[in-house]
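# Notes for the structure review
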Amino acid sequence: MKNYITPNFKFADIIPVKAKENTVWDDKGKNYIDFLGGIAVNALGHCHPALIKTLDQQAKKLWHISNLFTTIPTQELAEKLVKNTFADNVFFANSGAEANEAALKLARKYAFDHYGPQKNKIISCLNSFHGRTLFTVSVGAQEKYQHGFGPLPGEIYYTPFNDSEALKEILDDNTCALIIEPIQGESGVLPAHLEFLETARKYCNQHNILLILDEIQTGMGRTGSLFAYQQYQVIPDILTSAKALGGGLPIGAMLTTESIAKSFTPGSHGTTFGGNPLVTAVANTAFDIINSPETLNNVKEQSEKFINELEEITAETGVFSLIRGKGLLLGCVLNEKYKNKAAEIVNASLDAGVIISLAGSNVIRLAPSLIINDRDRKEGLTRLKHAILQWKKNA
Ligand SMILES: *Cc1c(COP(=O)(O)O)cnc(C)c1O
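Here's a quick rundown of the structure. (Residues numbered from 1 in each chain as written. Predicted model: local features only at pLDDT ≥ 70, side-chain atom pairs only at ≥ 80, totals over all residues. Heavy atoms only, no water.)

## Topic: the overall build of the chain
Check the secondary structure of the chain and you find 14 helices and 17 strands. Relative to the 2.2 N^0.38 estimate, which gives 21 Å for 395 residues, the radius of gyration of the chain is 21 Å and therefore close to what a compact globule would have. Along the first, second and third principal axes, the C-alpha set of the chain runs to 60 × 55 × 45 Å. Per-residue burial for the chain yields a buried fraction of 54% across its 395 residues. (Helix = DSSP H or I, 4+ residues; strand = E, 2+ residues; numbered from the N terminus. Rg over C-alpha atoms; globule rule 2.2 N^0.38 Å. Buried < 20%, exposed > 50% of the residue type's maximum accessible area, 1.4 Å probe, protein only.)

Next up, the structure:
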């Protein structure tokens, strides 16, 4: 097929044409077990009947009306997010990057309003990922994503992840925000230590810094609780969500407290599509299913089974040194011997009929649907093991 898309993507060799639950089919009729879920997006698998029903019903009512009006599905979704978290107010966007963009802009504005323009420094963690707009790519501390796009926005500084001592050194009274992923997703599925998040909270309080938790990948049930911060019991001032929030439709959200939200006065920030009722209607249905004991317990149960069986594969193949992560966001760290070979394993797995991805060059990432079952897990892991054994023979 001729490719008309700008060359910033390296598409896989297959063309998916349809999907159901945890299975994807390509244009040749071959099937794949989906252990990636569109990169932690399809929390309820593909084409979930309850989401189809809502989408169909809302499609006959109201698709888009702009933020000159509010809508019932949008207010309902905001209420659900507020009632189940620390937050009082929600801003809806269309993507993770836009949710973070709003969070960072709000943090600057809040500091400006309350303390003056000198309090504008933003601190993020080395190897973090916060999106691809110019502001968020500048805050995400990965040179490879910034290269050639300068000049970048200023007063952004980086600190090592999980290093509490360094945090103490870098945070000061001119810092307006500290942004952290509870699990660094893109750079290798690396969970934050409890002590690091607790230290972050402590110094943020000391210096009147807003703590932003980027839960775009870890939120919406992914780690076994609605948001990961609820397991750490470290309460942020601002939280961002996206990926799984729309059950497959594009949406992002920034959650915060009423006193902070007040710095977004009428007209100070905006979006045309954000909070679009077609998307929020589907997100409401997704929210109810994700935030149920049934789904959250399944995440915990399947997580244990995945980890056990991935450890068996580790013992049998010797390719991994460690399985890490939380809930159904799992990283298989490659052995020193197979360093930088993650992309080869991803390709071999696709050939064998299982969709996974890499997180950095050294880690295989799994983010299956939160409603995955024993049958699909076993089938996918059998294919993965087969792929690794075949690949090792040729490596
Ligand atoms: C995916 C991701 C983003 C960016 O989200 P987009 O929807 O691609 O803009 C930001 N932060 C984290 C932690 C993510 O995983």
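## Examining the state of the cysteines
If you walk through the whole model with that rule in mind, you get zero disulfides. In this model Cys125 remains outside any disulfide bridge; the closest cysteine sulfur is found in Cys204, 11 Å from its own. (Disulfide = S-S within 2.5 Å.)

## Looking at the packing of aromatic side chains
For the structure on display, the rule yields seven aromatic pairs. Taking 5.5 Å as the distance between ring centres and 55 degrees as the angle between the ring planes, the aromatic pair formed by Tyr338 and Trp391 counts as tilted. Within this pair, whereas Tyr338 is found in the loop between β14 (329-334) and α13 (342-351), its partner Trp391 is found in helix α14 (residues 374-394), the two being separated by 53 residues in sequence. The class for Tyr338 is buried, based on a relative accessible area of 8%. Classification of Trp391 as buried rests on a relative accessible area of 9%. Positioned over the ring face of Trp25 is Lys18, at 5.0 Å from the centre of the ring. (Phe/Tyr/Trp six-rings, centres within 6.5 Å; stacked < 30°, edge-to-face > 60°. Lys NZ or Arg CZ within 6 Å of the ring centre and 35° of its normal.)

## Some thoughts on the packing of helix α2 (residues 49-59) against helix α11 (residues 277-290)
Axis separation between α2 and α11 bottoms out at 9 Å; the angle between their running directions is 150 degrees. Taken together, the axes of α2 and α11 lie roughly antiparallel to each other. Classified by chirality, the crossing of α11 by α2 is right-handed. Between α2 and α11, the residues in contact are Ala50, Leu51, Thr54, Leu55, Gln58 and Ala59 and Pro277, Leu278, Ala281, Val282, Thr285, Ala286 and Ile289, respectively. Residues that form the contact of α2 with α11 fall into these classes: 10 nonpolar, three polar and no charged. (Axes fitted to C-alpha atoms, helices over the stretch in contact; angles between N-to-C directions. Parallel < 35°, antiparallel > 145°, perpendicular 65-115°, else oblique. Left-handed = near helix turned anticlockwise from the far one by under 90°. Contact = heavy atoms within 4.5 Å. Nonpolar A, V, L, I, M, F, W, Y, C, P; charged D, E, K, R; others polar.)

## A few points about the sheet that holds strand β6 (residues 156-159)
With respect to topology, seven strands assemble into an open sheet ordered β4-β12-β11-β10-β7-β5-β6, the strand pairing being mixed. Edge positions in the open sheet fall to β4 (89-93) and β6, since each of these has one partner strand only. Strand after strand, the sheet turns through a mean of 20 degrees between neighbouring axes, direction not considered. Where helix α3 (residues 72-83) meets the sheet, its contacts fall on β4 and β12 (252-256), and the angle it forms with β4 comes to roughly 125 degrees. Packing against the sheet, helix α4 (residues 96-115) makes contact with β4, β5 (121-125), β6, β7 (175-180), β10 (210-214), β11 (238-241) and β12, and its axis sits at approximately 30 degrees to β12. (Pairing = 2+ DSSP bridges.)

## Considering α2
Looking at α2, one finds that the buried residues are Leu51, Thr54 and Gln58. Down the axis of α2, the sector holding all buried residues measures 65 degrees, keeping them to one side. Seen from the open side of α2, the exposed residues pointing more than 90 degrees away from its buried face are Pro49 and Lys53. If you follow the buried residues of α2, they end up packed against α3 and α11. (Arc of directions from axis to C-beta.)

## Some points on the site of the ligand
The full set close to the ligand counts 13 residues, and Gly96, Ala97, Asp214, Gln217 and Lys243 are the nearest of them. Contact distances for the ligand include 3.3 Å between a nitrogen atom and a backbone N or O atom of Phe129. One nitrogen or oxygen atom from the side chain of Asp214 is found 2.8 Å from a nitrogen atom belonging to the ligand. Burial of the ligand by the surrounding chains reaches 81%, relative to a free accessible area of 380 Å². A per-element tally of the shell around the ligand places α4 first, with three residues. Considered class by class, the residues forming the shell around the ligand number three nonpolar, six polar and four charged. (Near = heavy atom within 4 Å. Polar contact = N/O pair within 3.5 Å; in protein donor to acceptor, adjacent residues only side chain to side chain. Areas by Shrake-Rupley, 256 points an atom, 1.4 Å probe, with all protein chains shown as cover.)

## Some details on the pattern of salt bridges
Tallied over the entire structure, the rule returns 16 salt bridges. A salt bridge links Asp56 to Lys60; the nearest nitrogen and oxygen atoms lie 3.1 Å apart. Here Lys60 falls in the exposed class, since its relative accessible area comes to 65%. Between Arg383 and Glu379 there is a salt bridge; the shortest N-O distance is 2.7 Å. Taken together, the positions of Arg383 and Glu379, both in helix α14 and four residues apart, correspond to about one turn of that helix. Arg383 sits in the buried class, given a relative accessible area of 17%. In this structure, a network of salt bridges that share partners links the residues Lys305, Glu309, Asp374 and Arg377. (Salt bridge = Lys/Arg side-chain N within 4 Å of Asp/Glu carboxyl O.)

## Some thoughts on the nonpolar core
Leu178, Ile180, Leu310 and Ile364 are the most contacted members of the largest nonpolar core, which has 73 residues in total. With sequence-adjacent residues up to four places away left out, Leu178 is seen in contact with Ile123, Leu167, Leu171, Ala200, Cys204, Ile209, Leu210, Leu211 and Ile212. Within the second largest apolar cluster, 21 residues are counted, among which are Ala102, Phe135, Cys176 and Met254. (Core = buried A, V, L, I, M, F, W, Y, C linked by side-chain atoms within 4.5 Å.)

## Focus on α14
With 21 residues, α14 extends 30 Å between its outermost C-alpha atoms, agreeing within 8% with the 30 Å of an ideal straight helix rising 1.5 Å per residue. Where α14 is concerned, the buried positions are Asp376, Arg377, Gly380, Leu381, Arg383, Leu384, Ala387, Ile388 and Trp391. Looking straight down α14, one finds that the buried residues subtend no more than 160 degrees of arc, so they occupy a single side. Structural note: α14 exposes Arg375 and Lys393 on the side pointing more than 90 degrees away from its buried face. (Expected span 1.5 Å × (residues − 1).)

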